[in-house]
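These are the residues of each chain, in order.
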Amino acid sequence: MSTNYFKNYPDTEGFFEAYGGSFIPPNLQKEMEKITDAYYSISKSHHFISELRSIRKHYQGRPTPVYYCNRLSTKYGGRIYLKREDLNHTGAHKLNHCMGEALLAKYLGKKKLIAETGAGQHGVALATAAAYFGLECEIHMGEVDIVKEHPNVVRMKILGAKVVPVSFGLKTLKEAVDSAFAAYMEDPENSIYCIGSVVGPHPFPMMVRDFQRVVGIEAKEQFHDMTGELPDNVVACVGGGSNSIGIFSAFLEDEEVKLYGIEPAGRSLNLGDHAATMTLGTPGMIHGFKCYLLQDEKGEPSPVYSVASGLDYPGVGPEHCMLKDLKKVIYETATDDETIDAFYELSRLEGIIPALESAHAVAYALKLAKENPRQSILVNLSGRGDKDVDYVMETYGLPK
Ligand SMILES: *Cc1c(COP(=O)(O)O)cnc(C)c1O
């Protein structure tokens with residue numbers, strides 16, 4: 001891997017080798033090109049960089065710590081460390097790219113942020129960023145999800161966002177994306193579309209990756225300060241792929257560091273019971289970009305499921321698809337049951353309640369630790385689990 005990695009990927013058309021790109025209607029394409037050009041110039045300006053740095057430090061509470069899990073390591077073996085994105089403001093990594101996208105919107109003179117949300121996590125993070133910058137915020141959400149994710153709907157409204165119910169089709173994430181894109185196209189002059197992960201047409205997979213790189217840059221330095229070395233293994237969960245690419249990006253050129261992306265194996269690996277896109281998907285297209293995709297014979301996205309609603313997406317970021325083909329990252333899975341076990345283990349041995357998404361990474365780290373008792377493992381703990389406690393209690397109860 002050359003030192004020009006971040007210059008070479010994506011290429012000028014937004015491709016990571018065979019994946020990514022931009023396959024959208026011409027009018028939308030024109031707007032995306034404007035955003036791309038603006039991003040390339042603004043994101044390199046001294047003003048932009050220093051304002052983002054200041055926001056990260058004084059508002060988000062960065063750097064988030066790296067923490068050594070003494071009791072967990074004693075029980076499972078290995079040396080397990082967590083990058084504590086659960087301590088980032090709002091309790092997850094998503095605010096890292098939302099603050100970046102909203103800052104870009106401010107520099108572009110936009111008045112309104114528009115996005116879709118599934119479980120509501122992206123909506124809450126974006127509503128937070130909008131409040132900070134004094135921008136309007138419009139979040140499109142399927143009616144089914146509005147009922148399921150009531151606490152996040154309330155949070156968005158308290159933060160001043162307008163929640164737009166989407167009542168066509170299956171009334172979930174896919175329709176919410178269509179609705180948000182349509183709203184954006186009505187007024188691209190004054191608004192900007194803000195995606196929730198390293199997915200969608202160029203330039204989003206690149207922009208979101210760049211804003212999440214802070215996680216890896218911090219973690220690498222902190223881990224080195226604590227141990228004097230590089231971690232043997234880095235583990236992160238993969239939904240769209242933003243928290244994982246954030247931490248992986250700092251280690252792509254370190255051949256001795258093994259990188260693991262963990263997908264949800266859900267209830268089983270039967271169709272509709274999981275969202276293991278890298279493991280079982282084939283090249284296809286969704287939401288204007290090429291990637292590994294869980295799809296039927298007609299190329300329509302398959303139904304997906306995970307106990308962690310932030311991971312149930314049938315596609316995945318294009319950069320991950322390339323890294324899989326290059327064998328630079330190993331993609332594995334964790335089941336719902338393994339995830340729930342890990343959720344309780346981390347809670348009871350360390351006093352840290354993880355998000356169910358992040359608990360997938362913890363579950364795989366525990367396996368690695370048992371198999372490699374002499375090695376170190378750095379886990380990206382992408383978010384805190386407060387949002388999941390009622391669901392876990394009602395569905396699984398306390399561990400026996
Ligand atoms: C949304 C979310 C994820 C999944 O998104 P990625 O883009 O794959 O990182 C993971 N963890 C938490 C806490 C989330 O909110």
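Thresholds, definitions, all that
Residues numbered from 1 in each chain as written. Predicted model: local features only at pLDDT ≥ 70, side-chain atom pairs only at ≥ 80, totals over all residues. Heavy atoms only, no water. Helix = DSSP H or I, 4+ residues; strand = E, 2+ residues; numbered from the N terminus. Rg over C-alpha atoms; globule rule 2.2 N^0.38 Å. Buried < 20%, exposed > 50% of the residue type's maximum accessible area, 1.4 Å probe, protein only. Lys, Arg positive; Asp, Glu negative; His and termini not counted. Charge placed at Lys NZ, Arg CZ, Asp CG, Glu CD. Domains from an automatic or database assignment. Contact = heavy atoms within 4.5 Å. Buried area = accessible area lost by both parts, 1.4 Å probe. Polar contact = N/O pair within 3.5 Å; in protein donor to acceptor, adjacent residues only side chain to side chain. Nonpolar A, V, L, I, M, F, W, Y, C, P; charged D, E, K, R; others polar. Pairing = 2+ DSSP bridges. Axes fitted to C-alpha atoms, helices over the stretch in contact; angles between N-to-C directions. Core = buried A, V, L, I, M, F, W, Y, C linked by side-chain atoms within 4.5 Å. Parallel < 35°, antiparallel > 145°, perpendicular 65-115°, else oblique. Left-handed = near helix turned anticlockwise from the far one by under 90°. Near = heavy atom within 4 Å. Areas by Shrake-Rupley, 256 points an atom, 1.4 Å probe, with all protein chains shown as cover. Salt bridge = Lys/Arg side-chain N within 4 Å of Asp/Glu carboxyl O.

**A few points about the overall build of the protein chain**
Next up, step 1: The number of helices and strands found in the protein chain is 16 helices and 14 strands.
Next up, step 2: Its C-alpha atoms give the protein chain a radius of gyration of 20 Å, within 12% of the compact-globule value 21 Å for 400 residues.
Next up, step 3: With the C-alpha coordinates of the protein chain rotated into their principal frame, the extents come out at 55 × 45 × 45 Å.
Next up, step 4: Buried residues in the protein chain amount to 59% of all 400 residues.
Next up, step 5: When the 41 positive and 52 negative side-chain charges of the protein chain are each reduced to one mean point, those points stand 3 Å apart.

**Remarks on the domain arrangement of the protein chain**
Next up, step 1: For the protein chain, the assigned domains are domain 1 (16-56 + 94-205) and domain 2 (61-92 + 213-395).
Next up, step 2: Computed over C-alpha atoms, the centres of domain 1 and domain 2 are 23 Å apart.
Next up, step 3: Opposite the 28 residues of domain 1 that make contact, domain 2 presents 31 residues.
Next up, step 4: Both faces combined, the contact of domain 1 with domain 2 buries some 2,500 Å², and carbon together with sulfur accounts for 66% of it.
Next up, step 5: Summed over the shared surface of domain 1 and domain 2, the result is twelve residue pairs in polar contact (both at pLDDT 80 or more).
Next up, step 6: Sorting the residues of the side of domain 1 that touches domain 2 by element identifies β2 (19-20), α5 (94-107), α6 (121-133) and α9 (173-186) as the ones contributing at least two each.
Next up, step 7: A total of four residues in the side of domain 1 that touches domain 2 trace back to one element, the largest contributor, which is α5.
Next up, step 8: Classifying every residue of the side of domain 1 that touches domain 2 by side-chain character gives 13 nonpolar, ten polar and five charged.

**As for the sheet that holds strand β8 (residues 191-193)**
Next up, step 1: Spatial strand order, β7-β6-β5-β8: four strands in an open sheet with parallel pairing. Of all strands in the sheet, those with a lone pairing partner are β7 (162-166) and β8, marking the two edges. Strand-to-strand, the axes of this sheet are offset by a mean angle of 20 degrees, without reference to chain direction.
Next up, step 2: Sheet topology note: the strand β6 (residues 136-142)/β7 ladder contains five bridges and is parallel. In the strand pairing of β7, methionine 141 is matched with proline 165.

**A few points about the nonpolar core**
Next up, step 1: Judged by nonpolar contacts, the single largest core of 87 residues is most densely connected at Leu113, Ile247 and Leu378.
Next up, step 2: For this core, the element with the highest residue contribution is helix α10 (residues 204-227), accounting for nine residues.
Next up, step 3: Those residues in contact with isoleucine 247 that sit more than four places away from it in its chain are Lys83, Val215, Gly216, Ala219, Val234, Ala236, Leu378 and Asn380.
Next up, step 4: Listed in part, the 35 residues of the second largest apolar core include Ile80, Ala308, Ala334 and Leu349.

**A closer look at the packing of helix α3 (residues 46-60) against α5**
Next up, step 1: Here α3 crosses α5 at 140 degrees, and the two axes come no closer than 11 Å. On the basis of their axis angle, the class for α3 and α5 is oblique. For the element pair α3 and α5, the recorded crossing hand is right-handed. Here His47, Phe48, Glu51, Leu52, Ile55, Tyr59 and Gln60 of α3 come into contact with α5, specifically with Leu95, Asn96, Met99, Gly100, Leu103, Leu104, Lys106 and Tyr107.
Next up, step 2: The residue makeup of the contact of α3 with α5, split by class, is nine nonpolar, four polar and two charged.

**Observations regarding the site of the ligand**
Next up, step 1: In the vicinity of the ligand there are 17 residues, among which Lys94, Ser197, Gly239, Ser242 and Ser382 approach most closely.
Next up, step 2: Within the contact set of the ligand, an oxygen atom lies 2.6 Å away from a side-chain nitrogen or oxygen of serine 197.
Next up, step 3: When isolated, the ligand has an accessible area of 380 Å², and the protein chains bury 97% of it.
Next up, step 4: Across the shell around the ligand, the residue classes tally to four nonpolar, eleven polar and two charged.
Next up, step 5: Counting contributing residues per domain, the shell around the ligand is built from domain 1 (16-56 + 94-205) and domain 2 (61-92 + 213-395), each supplying no fewer than three.

**Description of the pattern of salt bridges**
Next up, step 1: Evaluation of the coordinates by the stated rule reveals 20 salt bridges.
Next up, step 2: One salt bridge connects glutamate 218 with arginine 62, and the closest N-O pair in it is separated by 2.9 Å. Of this pair, glutamate 218 sits in helix α10 while arginine 62 is found in the loop between α3 and β3 (66-68), placing the two residues 156 residues apart along the sequence. Exposure class is identical for glutamate 218 and arginine 62. Each is buried.
Next up, step 3: Its salt-bridge partner being aspartate 254, residue lysine 220 comes within 2.8 Å of it at the nearest N-O pair. Taken together, the positions of lysine 220 in helix α10 and aspartate 254 in the loop between α11 (242-248) and β10 (258-266) put the pair 34 residues apart, joining distant regions of the chain.
Next up, step 4: Three or more residues are tied together by salt bridges with common partners; here these are Arg62, Lys83, Glu85 and Glu218.

**Quick look at the side chain of serine 347**
Next up, step 1: Within the secondary structure, serine 347 sits in helix α14 (residues 336-350).
Next up, step 2: For serine 347, the residues in contact, after removing those within four places along its chain, are Ile352, Ile353 and Pro354.

**Section: the side chain of lysine 110**
Next up, step 1: Relative to the elements of secondary structure, lysine 110 occurs in the loop between α5 and β5 (112-116).
Next up, step 2: Only 2.8 Å separates the side chain of lysine 110 from the backbone oxygen of proline 188, close enough to count as a polar contact.
Next up, step 3: Aside from chain neighbours lying at most four places away, what touches lysine 110 is Ala105, Leu135, Pro188, Glu189, Asn190, Ser191 and Ile192.

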